[in-house]
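Residue-level listing of the chains:
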Amino acid sequence: MAQRIAVVSGGMGGIGEAICIKLADAGHKVVTTYSPGNTRSGEWLAGMKSKGYTFYAYQVDVTDFDSCQKAVAEIQSEVGPIDILVNNAGITKDASFRKMGKTDWDAVMRTNLDSVFNMAKPICDGMAERGWGRVINISSVNGQKGAFGQTNYSAAKAGMHGFTKALALEYARKNVTVNTVSPGYIATKMVLAVPKEVLESKILPQIPLGRLGKPEEVGALVAFLCSEDAGYFTGANLAMNGGQHMY
Ligand code: NDP
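Being a predicted model, the structure only gives us computed values, none of them experimental. (Residues numbered from 1 in each chain as written. Predicted model: local features only at pLDDT ≥ 70, side-chain atom pairs only at ≥ 80, totals over all residues. Heavy atoms only, no water.)

Engineer: Help me understand unusual backbone geometry in this model?
Structural biologist: For residues besides glycine, phi is generally negative; the peptide bonds are generally trans as well. Within the chain, N175 stands out as a residue other than glycine whose phi angle is a positive 65 degrees. As for its placement among the helices and strands, N175 is situated in the loop between α6 (151–171) and β6 (176–183). The class of N175 is partly exposed, set by a relative accessible area of 36%. (Helix = DSSP H or I, 4+ residues; strand = E, 2+ residues; numbered from the N terminus. Buried < 20%, exposed > 50% of the residue type's maximum accessible area, 1.4 Å probe, protein only.)

Written as C-alpha cells, this is what we have:
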C-alpha cells in the first residue's frame, strides 16, 4: 500500500487522536495540528511515542487563513506534499437561540466552517496536480437533524457538507475525493462529562444501538475513506451514529 502524508486538524483531541492512530496503523505519515491555546502538545507527542507512534505536529489556528497557509507551507517543505486532509478541529458554544450571542455564533462558524476553507484552500490544488487526494470533513449528526441549543453548530456542520459536495464536484476529475463523516454521540471526554442520568434518560434512548460510539470507530471509517478501496466514494455523507439519524 502506498504511504501517504496525512494532515489531521485538531489531532490531539478525542476523535482526532483516534483518527491519527488509525491513519498511522494504515501505514501513513501523520501530521497533526494543535491550537495556539494547547499547552500539552509536547506531553501528547511523548505519550504517543511511548505507544509506538511518531507524529509530526504543527501549531495552527484553523480560524485564521494566514495561520493555515503558513503551516501548510511548512508541512509541505519539511514533511512533504499533503495527500490526505482531515478537517476535524471543531468546537461547540451551545445556547438556545434566544440566549445565543453573536460571539458564540461567530466562534462556532469560524472554527467549524471557515476552518474547512482555510485548510483546504492551500492543499487541494497540489492534490489535483499530483492526481490523488482525499479530503474528509468531520461534521455531526446534528448538522443533519438539528439540535436544541445548537443553531450555530448545526448550521456550521450542515454547511460543511454543502462544501463537501461542491468541492467533490470540482475536483472529481483530478482523482481527489471529498467526503463528510457525521458522527453521533462518541465517547470522548466531552460526552462522558454529561451527567450519567442525562446520558441514560435523554441521550441513549435516542440511539437504536443503545450505546455511545467509540473514537476508534470514527478513526477506522476515516482510514477506510482514505484508502484505495474507497476511491469510488465522493461527495458522500457517512452517518455513524448508532442509527440516531432514523429518529
Ligand atoms: P475535542 O475538543 O477533543 O477536539 C477538538 C479539537 O479541535 C481539539 O483538539 C482542538 O485542538 C481543535 N481546535 C479547536 N479550536 C481550534 C482552533 N481555533 N485552531 C486549531 N484547532 C482547534 O473534540 P472531539 O474530538 O470530540 O471532536 C472532534 C470533531 O468531531 C469536532 O469537529 C466535533 O465537532 C466533531 N464531533 C464530535 C462528536 C462527539 O461526540 N465528540 C460528535 C460529532 C461530531 P487543541 O486540542 O490543540 O486545542
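Engineer: Quick question: what am I supposed to make of the site of the ligand here?
Structural biologist: Of all residues adjacent to the ligand, which total 30 residues, the nearest are I15, S35, N38, N88 and Y153. Between the ligand and N38 there is a distance of 2.7 Å, counted from an oxygen atom to a side-chain nitrogen or oxygen. When the ligand is considered free in solution it has 890 Å² of accessible area, and contact with the protein chains removes 85% of it. For the shell around the ligand, the secondary structure elements donating two or more residues are α1 (14–25), α6 and α7 (189–192). Classifying every residue of the shell around the ligand gives 14 nonpolar, 13 polar and three charged. (Near = heavy atom within 4 Å. Polar contact = N/O pair within 3.5 Å; in protein donor to acceptor, adjacent residues only side chain to side chain. Areas by Shrake-Rupley, 256 points an atom, 1.4 Å probe, with all protein chains shown as cover. Nonpolar A, V, L, I, M, F, W, Y, C, P; charged D, E, K, R; others polar.)

Engineer: Just to check I follow, could you spell out the confidence of the model for the protein for this structure?
Structural biologist: Where the model shows low pLDDT, its predicted coordinates should not be examined in detail. Looking at the protein as a whole, its pLDDT mean stands at 97, while 100% of the residues score no less than 70. Mean pLDDT in the protein bottoms out at α7, which sits at 85, and peaks at strand β4 (residues 84–87), which reaches 99. (pLDDT = per-residue confidence, 0-100.)

Engineer: For this particular structure, what's the right way to read the side chain of S115?
Structural biologist: Positionally, S115 belongs in helix α4 (residues 102–130). S115 sits in the buried class, given a relative accessible area of 4%. Within the structure, S115 has its side chain in polar contact with the backbone oxygen of T111 (distance 2.6 Å). Setting aside chain neighbours within four positions, we find S115 in contact with V62, N87 and R110. (Contact = heavy atoms within 4.5 Å.)

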